[in-house]
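# Structural overview
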Amino acid sequence: MCGIIGILGNHEVAPALVNALQRLEYRGYDSAGIATVNHGRLDRRRAVGKLVNLSDLLVHDPLAGKAGIGHTRWATHGAPTEANAHPHCSGRVAVVHNGIIENFRALREELALAGLAHETDTDTEVIALLVRQQLDAGRTPVQAVEAVLDRLDGAFALAFLFDGEEDLLIGARKGSPLAVGHGDGEMFLGSDAIALAPLTDRITYLEEGDWVVVTRGGAEFHDETGRRVNRPVARIRVDQARVDKAGHKHFMAKEIAEQPSVLGAALAFHATPDGTALALPEAVDFTDCDRITLVACGTGHYATQVAKYWFEQLAGIPVEIDIASEFRYRQPVLSERGVGIFVSQSGETADTLAALRHVAGRVARTIGVINVPTSSIARETDVALPILAGPEISVASTKGFTAQLLVMLLIALKAGQDRGRLSAEAVTAHLATLRALPGLVAQALDREIEIEAIAAQLAEARDVLFLGRGTMFPLALEAALKLKEISYIHAEGYASGELKHGPIALIDKTMPVLVLAPRDALYDKTVSNMQEVMARQGRVVLISDRKGLEEAGQVWASLPMPTVPDLLAPIVYAIPAQLLAYHTALARGTDVDQPRNLAKSVTVE
Ligand code: G6P
């Protein structure tokens with residue numbers, strides 16, 4: 001994880017470094033630091049906690065210089081202390097790192113024997129010590145870094161700065177993303193295009209194993225064998241809306257509210273202008289497909305769980321789903337006629353990216369369902385379908401989830417059509433139904449006041465259970481995840497039918513049980529399970545449409561949803577799940593957008 005930035009500027013770089021780190025805070029916010037070279041002298045400032053602490057420190061203890069590097073950390077090795085914060089320095093070198101050096105213990109021992117003892121608990125420090133050793137032996141910075149890169153196992157994106165060198169940055173990439181930004185007489189390094197967005201729109205991505213020597217005059221790229229290589233410059237357009245809460249108290253509130261327009265835009269983009277047919281790229285083809293493998297992490301994983309129901313129902317294709325971190329370390333049985341679908345909001349999740357690389361070339365094609373179009377997963381899949389949610393800043397994913405669902409529903413319709421299960425007319429009819437989606441989501445959003453009242457009760461609970469059947473089961477899992485993430489209340493999602501096999505033992509009169517049950521074919525079964533909870537005095541909150549609420553009779557609390565077509569229910573019912581978590585977190589006074597211990601983009605495995 002972690003975000004890194006490097007700037008060779010024409011002006012003082014400290015404010016620009018801190019600005020860029022702000023845009024990288026989604027990668028971690030345990031501590032932050034910057035280093036600069038001023039009049040040949042390397043110096044650094046670091047602070048524990050959010051970036052604002054570093055900004056405060058810089059007001060009292062500024063750092064001058066026109067060349068610098070910066071880092072925002074999500075702790076892996078070593079607690080979030082100032083000593084463990086990056087940049088790590090030794091002798092003439094400072095380094096910032098995103099990733100994990102897996103052989104750091106062996107390197108540490110070797111360095112200790114050579115008289116270079118470690119002073120921090122981090123894996124990163126060995127990089128600084130190794131480079132220092134090389135510099136002390138008389139190597140130039142470039143020679144030193146090249147020699148050290150060969151010794152590092154694991155994943156890294158690195159930026160180096162050197163004492164005495166005001167026109168030099170060295171970057172390196174293996175497993176973690178890194179980009180070079182080209183300015184006018186200024187040059188940049190950054191974890192992604194978002195970090196570099198206000199600085200430049202001309203970007204070169206390092207390929208796996210590349211390292212780069214950056215001066216104000218340009219960048220010199222090398223591949224992992226050390227050979228000079230050319231890498232293309234791309235023009236990038238990154239939406240600047242990310243820093244704006246548009247009048248909302250939190251990014252999460254803004255992102256929840258944006259869903260009707262996001263879904264409308266994604267639907268319009270992936271359909272023909274008259275809205276009667278799908279407009280997906282040619283490569284999204286399931287004609288010969290004998291198996292679909294869906295891989296993701298976190299909220300994206302729950303979206304794939306919903307999509308499994310759709311692919312089976314609409315296309316009749318066998319579907320396998322797995323969490324990326326599990327998938328990559330088992331021996332999944334892949335088919336040459338299979339399609340692998342990789343779902344990731346950020347497009348940078350390390351495990352999902354590794355799973356994609358594992359599958360590439362072993363299935364007929366890979367499809368990415370991604371939000372960040374410049375991301376690694378977008379670039380490495382055969383075809384990347386944008387969910388067009390716009391920048392998602394809040395760590396807890398909301399609009400990303402519903403937009404992922406929508407795009408996967410469209411892919412499932414295409415699969416149904418390719419497999420001869422759905423006629424063109426049937427697809428047109430489904431698309432017509434889908435046009436109601438933004439309006440239905442807006443109606444669900446209108447229930448915010450009722451949701452707030454229920455959330456006030458949830459905020460008192462120690463544990464919360466969510467129940468659902470069919471596509472409402474993964475929705476229950478997602479609802480529980482949202483609540484855990486931002487309110488820190490223990491919550492679990494369960495398939496209603498599994499209640500009797502364990503979790504019913506938890507039920508007593510203090511336990512809120514939220515039941516997601518639209519009035520569909522499974523409603524009666526879910527309501528029977530709900531009765532079992534009520535018989536044991538559980539506090540049932542029923543989330544259903546008007547008919548469903550009427551038929552259920554008396555419950556502890558109810559939450560009315562619009563009446564929705566079955567296919568759209570998981571998307572519409574995501575809204576109360578999100579708003580319940582949001583208002584519960586507000587009632588508990590937690591940090592909604594940046595909950596403790598989490599990061600938006602998980603770039604370490
Ligand atoms: C983190 C985020 C989640 C997200 C998951 C997968 O855990 O906090 O919100 O669902 O990563 O991220 P991705 O970017 O691959 O969808």
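Let me begin by describing the structure that accompanies this report. (Residues numbered from 1 in each chain as written. Predicted model: local features only at pLDDT ≥ 70, side-chain atom pairs only at ≥ 80, totals over all residues. Heavy atoms only, no water.)

Attention now moves to the site of the ligand. By nearness alone, 14 residues border the ligand, and Thr299, Ser344, Gln345, Ser346 and Thr349 come closest of all. One of the backbone N or O atoms of threonine 299 is found 3.0 Å from an oxygen atom in the ligand. Between the ligand and threonine 349, the relevant distance is 2.4 Å, taken from an oxygen atom to a side-chain nitrogen or oxygen of the residue. Within the complex, the protein chains bury 91% of what would otherwise be the 390 Å² of accessible surface of the ligand. Considering each element in turn, the shell around the ligand owes the most residues, three residues, to helix α9 (residues 298–315). Residue classes in the shell around the ligand are distributed as four nonpolar, eight polar and two charged. (Near = heavy atom within 4 Å. Polar contact = N/O pair within 3.5 Å; in protein donor to acceptor, adjacent residues only side chain to side chain. Areas by Shrake-Rupley, 256 points an atom, 1.4 Å probe, with all protein chains shown as cover. Helix = DSSP H or I, 4+ residues; strand = E, 2+ residues; numbered from the N terminus. Nonpolar A, V, L, I, M, F, W, Y, C, P; charged D, E, K, R; others polar.)

Pairing within the open sheet is antiparallel, and its seven strands lie in the order β5-β6-β7-β8-β12-β13-β14. The sheet terminates laterally at β5 (88–90) and β14 (228–229), the two strands that pair on one side only. Both strand β12 (residues 211–215) and strand β13 (residues 218–222) contribute to a ladder of five bridges, which runs antiparallel. Paired with threonine 215 across the strands is glycine 218, a residue of β13. Its contacts with the sheet put helix α4 (residues 125–136) on β5, β6 (93–101) and β7 (154–162), and the angle it makes with β6 is roughly 135°. The strands that helix α5 (residues 141–149) touches are β7, β8 (169–174) and β12; relative to β7, the one it contacts most, it runs at about 165°. (Pairing = 2+ DSSP bridges. Contact = heavy atoms within 4.5 Å. Axes fitted to C-alpha atoms, helices over the stretch in contact; angles between N-to-C directions.)

For the peptide bond that leads from histidine 86 to proline 87, omega is -5°, which places it in the cis range. If you trace the backbone, proline 87 turns up in the loop between β4 (67–73) and β5. Although it is not a glycine, leucine 388 adopts a positive phi angle of roughly 55°. With respect to the helices and strands, leucine 388 occurs in the loop between β20 (383–386) and α13 (399–418). The class of leucine 388 is partly exposed, set by a relative accessible area of 32%. The phi dihedral of asparagine 597 is positive, around 70°, even though this residue is not glycine. By secondary structure assignment, the location of asparagine 597 is in the segment after α21 (574–588). (Buried < 20%, exposed > 50% of the residue type's maximum accessible area, 1.4 Å probe, protein only.)

Of note, alanine 159 is situated in strand β7. Judged by relative accessible area, which is 0%, alanine 159 ranks as buried. Along the sequence, alanine 159 and glycine 400 sit 241 residues apart, while their C-alpha atoms lie 30 Å from each other. Ignoring sequence-local partners within four residues, the contact set of alanine 159 consists of Ile4, Ile69, Ala94, Val95, Val96, Ile170, Gly171 and Leu189.

A complete count under the given rule lists two aromatic pairs for this structure. Here the aromatic rings of phenylalanine 160 and phenylalanine 162 are separated by 6.4 Å at their centres, their planes lie at 20°, and the arrangement is stacked. Considered together, phenylalanine 160 and phenylalanine 162 belong to a single accessibility category, that of buried residues. Directly above the ring of tyrosine 488 sits arginine 596, whose terminal nitrogen or CZ lies 3.8 Å from the centroid. (Phe/Tyr/Trp six-rings, centres within 6.5 Å; stacked < 30°, edge-to-face > 60°. Lys NZ or Arg CZ within 6 Å of the ring centre and 35° of its normal.)

Bringing the sheet that holds strand β22 (residues 490–495) into the picture now. Backbone hydrogen bonds hold the strands of a sheet together, and the pairing may be parallel or antiparallel. Taken together, five strands build an open sheet; the order of strands is β22-β21-β23-β24-β25 and the sheet is parallel. For this open sheet the edge positions go to β22 and β25 (557–561), each flanked by a neighbour on one side alone. Between one strand axis and the next, the sheet turns by 20° as a mean value, whatever way the strands run. Where strand β21 (residues 463–468) meets β22, six bridges bridge the pair, whose relative direction is parallel. Bridge assignment links leucine 467 to a residue of β22, and that residue is tyrosine 494. The sheet contacts of helix α17 (residues 472–487) involve β21, β22 and β23 (512–516), and relative to β22 the element is tilted by about 175°.

Inspection of the entire model under this criterion finds four cavities of 30 Å³ or more. Put simply, the largest cavity is a space of about 80 Å³. As for the largest cavity, its lining consists of 15 residues, and the residues nearest its centre are Cys2, Thr76, His86, Gly99 and Asp123. Per-element tally for the lining of the largest cavity: the top contributor is β6, with three residues. In terms of residue class, the lining of the largest cavity is made up of five nonpolar, eight polar and two charged. (1 Å grid on protein atoms, 1.4 Å probe; cavity = no way out; pocket = protein on both sides within 12 Å on 5 of 7 lines; lining within 4 Å. Points joined across faces, edges and corners; volume = space filled by probe spheres on them.)

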